[in-house]
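These are the residues of each chain, in order.
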Amino acid sequence: MKPARTRMAPSPTGRFHLGSARTALFDYLLARKTGGQFILRLEDTDQKRFVPGSEEEIMQSLDWLGITPDESPVHGGPYGPYRQTERREIYHRHARILVEKGYAYPCFCTPERLEKSRQQQQAQKVDRVKYDGLCRAIPPDLAAKRIVSGEKHVIRFKMPQDGVTTARDHLRGDIVTENKHLDDYVLLKSDGLPTYHLAAMVDDHEMQITHVLRGSEWLSTFPLHVNIVRAFGWDEPVWIHLSVFLKPSGKGKMSKRESAQAIKDGYSIFITDMKDLGYTPEGVLNWIALMGWGVPEDDVMTLEQMIERFNIDSLTPSPAAINFQKLDHFNGTHIRLMTNEDLSARLKPYFVAAGLNVRDETLLKVTPLIRERLVTLDDCLAFARFFFEEVVKPNPEDLVANGLDAKQSAMIARKSYEILSGLSDIAHAVVEPPMRAYVDASGYTAGQVFGILRVAVTGQKVSPPLFESMEIIGREKVLSRLRYAIELLDGM
RNA sequence: GCCCCCAUCGUCUAGUGGACUAGGACGCAGCCCUUUCAAGGCUACGACCGGGGUUCGAAUCCCCGUGGGGGCACCA
């Protein structure tokens with residue numbers, strides 16, 4: 001396959017979410033797979049809807065995911081500028097070409113007249129409200145004069161009024177639309193900026209985009225777009241319309257309300273939230289890759305493996321419901337795939353953020369003990385904070401073993417203390433045999449004896465393996481925590 | 001209202017006319033392992049939206065319904 005040039009073209013009007021991330025991922029995979037380039041282009045032609053900070057969020061999200069573009073407003077590239085507001089002249093030039101070739105025309109109708117026309121049509125209950133074509137009839141030389149005189153106008157595409165337009169989507173095949181259902185869409189707005197329809201087609205051509213991956217919301221204007229491209233006489237890219245993401249219930253698409261609910265549940269659809277929630281780029285990437293892509297082999301993939309296996313033919317056209325449990329699964333799986341050093345380094349910030357004093361040497365020993373217990377990175381706090389705390393304060397009730405009372409539990413704790421303090425070394429291999437021997441001799445269960453010890457030493461009922469943990473905590477701390485636990489039990 | 005798209009287990013999907021007793025993954029249930037919680041292993045449950053065609057034969061092709069989604073802007 002020839003090197004593909006793909007592009008992700010978000011508008012800086014809101015937050016960067018799952019859907020955008022998936023499009024970017026597929027763009028990236030296709031470019032990497034074929035040895036081509038992945039381009040980021042900012043579609044900022046609607047200054048009314050511009051949201052400050054959203055450009056930064058887009059870049060940050062892409063960087064964090066590890067799918068950085070080859071060409072972009074910040075990285076530059078041979079086809080720039082990559083911000084549409086900086087490309088006005090290019091669009092004007094192309095709009096002029098279309099007008100000259102008779103594929104477009106200036107329209108002087110005011111918003112008020114348009115609104116009136118719309119209302120009339122609605123009153124007549126027409127099937128499709130559209131531009132009434134008043135300015136289509138203005139002779140070109142007269143229109144030119146009005147433009148020169150400074151009259152405000154837009155440029156509209158002259159849509160064929162009969163016949164059909166056949167547009168080919170790579171996933172859906174030919175989509176045939178009767179032209180009478182289409183409209184004379186505005187190409188150039190009266191503020192001098194292009195609409196998406198003109199800008200995207202011009203830029204995709206100028207930037208030599210070979211494959212356009214975009215959301216299925218563009219399907220309805222797809223015929224317009226191919227008409228524009230054909231009017232210019234350009235080669236068409238391969239068009240791929242990706243389906244939308246549905247809310248977890250599968251009933252309806254993701255909405256503002258739904259994304260708020262996700263956040264309440266401890267999840268998010270926004271990429272820049274993922275890090276704080278303890279998700280890894282690997283987990284998120286793997287998760288979104290599988291929505292809309294039928295991978296026949298192993299579901300678990302690294303970015304490299306995705307590149308190897310990627311193929312636009314195995315993309316799917318149907319909408320996919322978001323499943324956060326699956327995100328958890330992939331996140332945990334990728335955590336378990338990491339090297340000890342890598343995982344430790346990624347865990348550290350969460351301990352530091354919690355105000356704990358973390359020694360790298362200790363963390364390196366702790367990590368193997370908790371890795372298969374982690375679903376998200378920040379779970380490390382729940383499992384391992386006691387390693388880095390001076391003292392632990394167990395809930396006294398938790399110190400009482402199942403089926404026993406405080407007195408019996410205190411007795412077991414004392415006996416354990418006796419055994420442990422009699423040993424000069426607290427290494428796992430040294431401690432376990434005598435403790436097991438005690439369990440066997442005492443008539444209590446391992447669960448009871450070790451349970452008391454666990455709560456005493458870690459302060460929690462659920463913890464990493466006990467003996468390995470004690471070894472890391474160290475003899476002195478283990479013994480002092482045990483003494484404290486005995487005090488608590490005696491005081492009950 | 002009109003136009004367009006989509007339709008396999010609860011969810012993500014494999015399947016491109018016979019290899020389908022419809023495969024995998026998540027979740028769910030059980031068992032094994034086990035000092036807690038996990039991880040891991042094994043097993044179970046679980047689907048071709050409905051109706052018509054085409055064909056010797058349909059999850060696969062066609063039509064009609066139904067359901068879901070998108071669009072009908074000087075927004076993208």
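For the structure itself, look to the data block above.
Residues numbered from 1 in each chain as written. Chains lettered and ligands numbered in written order. Predicted model: local features only at pLDDT ≥ 70, side-chain atom pairs only at ≥ 80, totals over all residues. Heavy atoms only, no water.

Undergrad: Before we move on, could you go through the sheet that holds strand 7 (residues 186–188) and cite the residues and values that matter?
TA: Across the sheet, which stays open at both edges, the 3 strands sit in the order 3-4-7 with antiparallel pairing between neighbours. The outermost strands of the open sheet, each flanked by one partner alone, are strand 3 (104–107) and strand 7. Pairwise comparison of adjacent strand axes, ignoring direction, gives a mean angle of 45° for this sheet. When strand 4 (residues 154–157) meets strand 7, the two strands line up antiparallel, connected through 2 bridges. Among the inter-strand pairings, I155 is bridged to a residue of strand 7, identified as L188. (Pairing = 2+ DSSP bridges. Helix = DSSP H or I, 4+ residues; strand = E, 2+ residues; numbered from the N terminus. Axes fitted to C-alpha atoms, helices over the stretch in contact; angles between N-to-C directions.)

Undergrad: Mind laying out the pairing of strand 9 (residues 238–242), listing which residues take part and the relevant values?
TA: The buried fraction of strand 9 amounts to 4 of the 5 residues, a majority that puts the element mostly inside the structure. As defined by bridge partners, strand 8 (residues 211–215) adjoins strand 9 across 5 bridges and the pair is classed as parallel. In the strand pairing of strand 9, V212 is matched with W239. In this view, the connection linking strand 8 to its parallel neighbour strand 9 by way of helix 7 (residues 222–232) has right-handed handedness. (Buried < 20%, exposed > 50% of the residue type's maximum accessible area, 1.4 Å probe, protein only. Right-handed = clockwise from strand over helix to strand, strands pointing away.)

Undergrad: Tell me about the protein's contact with RNA strand B, and please be specific about residues and values.
TA: With respect to spatial proximity, 61 residues lie near RNA strand B, and among them R172, K189, K253, R373 and R454 are the closest. At the level of elements, helix 4 (111–123), strand 4, strand 11 (320–321), helix 12 (324–337), helix 19 (446–458) and helix 20 (466–473) are the ones that each hand at least two residues to the surface near RNA strand B. Here the surface near RNA strand B takes 4 residues from helix 12, the largest share from any one element. Looking at the surface near RNA strand B residue by residue, the classes come out as 25 nonpolar, 16 polar and 20 charged. (Near = heavy atom within 4 Å. Nonpolar A, V, L, I, M, F, W, Y, C, P; charged D, E, K, R; others polar.)

Undergrad: A description of the nonpolar core should follow, citing residues and the corresponding values.
TA: One finds F351, F387 and M435 to be the most contacted residues of the largest nonpolar core, which totals 57 residues. If you list the elements that add at least two residues to this core, you get helix 13 (340–353), helix 14 (360–370), helix 15 (379–384), helix 17 (406–421), helix 18 (428–442), helix 19, helix 20 and helix 21 (475–490). Two domains each provide a minimum of three residues to this core, namely domain 2 (340–387) and domain 3 (396–490). Non-local contacts of M435, meaning those with residues more than four positions away in its chain, are made with S416, I419, L420, V449, F450, L453 and F467. In terms of nonpolar packing, the next biggest core, distinct from the first, is built from 55 residues, M59, M254, L315 and I322 among them. (Core = buried A, V, L, I, M, F, W, Y, C linked by side-chain atoms within 4.5 Å. Domains from an automatic or database assignment. Contact = heavy atoms within 4.5 Å.)

Undergrad: Any chance you could break down the side chain of H94 for me, citing the residues and the numbers?
TA: Structurally, H94 is set in helix 3 (residues 88–100). Residue classification places H94 among the buried residues on the basis of a relative accessible area of 5%. In this structure H94 touches V202, E206, F232 and W234, once residues within four positions along its chain are discounted.

Undergrad: Could you give me a rundown of unusual backbone geometry, with the residues and numbers involved?
TA: Here the amide bond leading from G80 into P81 is cis, since omega sits at -5°, within 30 degrees of zero. Turning to its location among the elements, P81 is positioned in the loop between helix 2 (54–65) and helix 3. Residues other than glycine seldom take positive phi values, yet K125 does so here, at roughly 55°. Note that K125 resides in the loop between helix 4 and helix 5 (140–148).

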